[in-house]
Amino acid sequence: MAHESLSDSEVKRAFATVVSETPELSPEAVARFAQGARQHQPRSSAREVAGWRFVGSAGLVAATAVGFWIGAVPLASVELIAPDENEAFWQSANSGVVSVLSEGAEQEIENG
Amino acid sequence: MSLWRLKKRRGSVRSLATVPDEILLEGYVAGQRGAAEELTRRLAPRAFAQAWRMLGSESDAEDVVQEALLRLWRAAPDWSAGQAQISTWLYRVVANLCIDRQRASRARPSAALDDVPEPVAPGQGADGALDAARRSAALQQALAALPERQTIAVSLRHLEGLTLPEIAEVMECSVEAAESLVARGKRGLAQALAPRREELGYGS
């Protein structure tokens, strides 16, 4: 017996069912995969980052000194020249300035 | 560099959700731990959904995601701007890994539609005749029975919602070829599912 092929809307309903039935990935699995990412992080990069952190720390000291010197400059004027925050951050990723944004540096900033 | 600007930048670290995948991958290579975690949070659920829809098994899908992400981390140092988008690259890897698994499983008897468990709480009222689990399993079986490239094309178009140009990029073919694969695959599905019309809740 020949069967009538499914209509376009019936096939679409079947697709929608599969999508709605799709289970969600557990947070534990996501954490496990993230752990895997850390395990495979390139070692050479870790050394480079350590170097950047050193350069960044020196930069932080210099920035603090400059900050004291120009302390009276209104923040509004600084805002006018501030670049896009994400762009600036990520452009710095390969230059070493990123090191001042690392967790250690953040703590350093918070501690004054 | 003012403290204000440092704080602004520091704030941007906490809003990685707005950073493009490619930049996050560069951050991963540069040793940014948060970048890998954000990228995983962003990509893994999508890859898992794609794998599950092609394989129908959570454990198999998790294995595929793990392998796909592992390949991404390994490829990361060689990644350069201007290549295919990371999400596109990952779709391709996941699809290939799923096809590999489907090939391997074809040697084994697949689960019959009758093996799909009955729903614990059957329908609500007259409209409850719809059996989502059976419909889903039937479609996945029919998808897996299609020629491989049609399986991938149809899955990417109708389950993952990719556009034809995106599918063409994933499958390394022209947009016209992708369109043809999707159309032929969909026709094949409609015919393969026809004998199961009643099981699918579509009536005779």
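Scroll up for the structure.
Residues numbered from 1 in each chain as written. Chains lettered and ligands numbered in written order. Predicted model: local features only at pLDDT ≥ 70, side-chain atom pairs only at ≥ 80, totals over all residues. Heavy atoms only, no water.

Q: Talk me through the overall build of chain A; I want residue IDs and the actual numbers.
A: Scanning chain A for helices and strands turns up 6 helices and 0 strands. Its helices and strands taken in sequence order, chain A reads α-α-α-α-α-α from the N to the C terminus. Relative to its full complement of 112 residues, chain A shows a buried share of 36%. (Helix = DSSP H or I, 4+ residues; strand = E, 2+ residues; numbered from the N terminus. Buried < 20%, exposed > 50% of the residue type's maximum accessible area, 1.4 Å probe, protein only.)

Q: Describe the packing of aromatic side chains, listing the residues and the values that go with them.
A: All names here are of chain B. Tallying each qualifying case throughout the model produces 2 aromatic pairs over all chains. Where Tyr28 meets Trp73, the ring centres are 4.7 Å apart and the plane angle is 45 degrees; that geometry is what we call tilted. One end of the pair, Tyr28, is in helix H2 (residues 21–29); the other, Trp73, is in helix H4 (residues 58–75), and 45 residues separate them in sequence. By relative accessible area, which is 0% here, Tyr28 ends up buried. The class of Trp73 is buried, set by a relative accessible area of 2%. Aromatic pair Trp79 and Trp89: ring centres 6.3 Å apart, planes at 90 degrees, arrangement edge-to-face. One end of the pair, Trp79, is in the loop between H4 and helix H5 (86–106); the other, Trp89, is in helix H5, and 10 residues separate them in sequence. (Phe/Tyr/Trp six-rings, centres within 6.5 Å; stacked < 30°, edge-to-face > 60°.)

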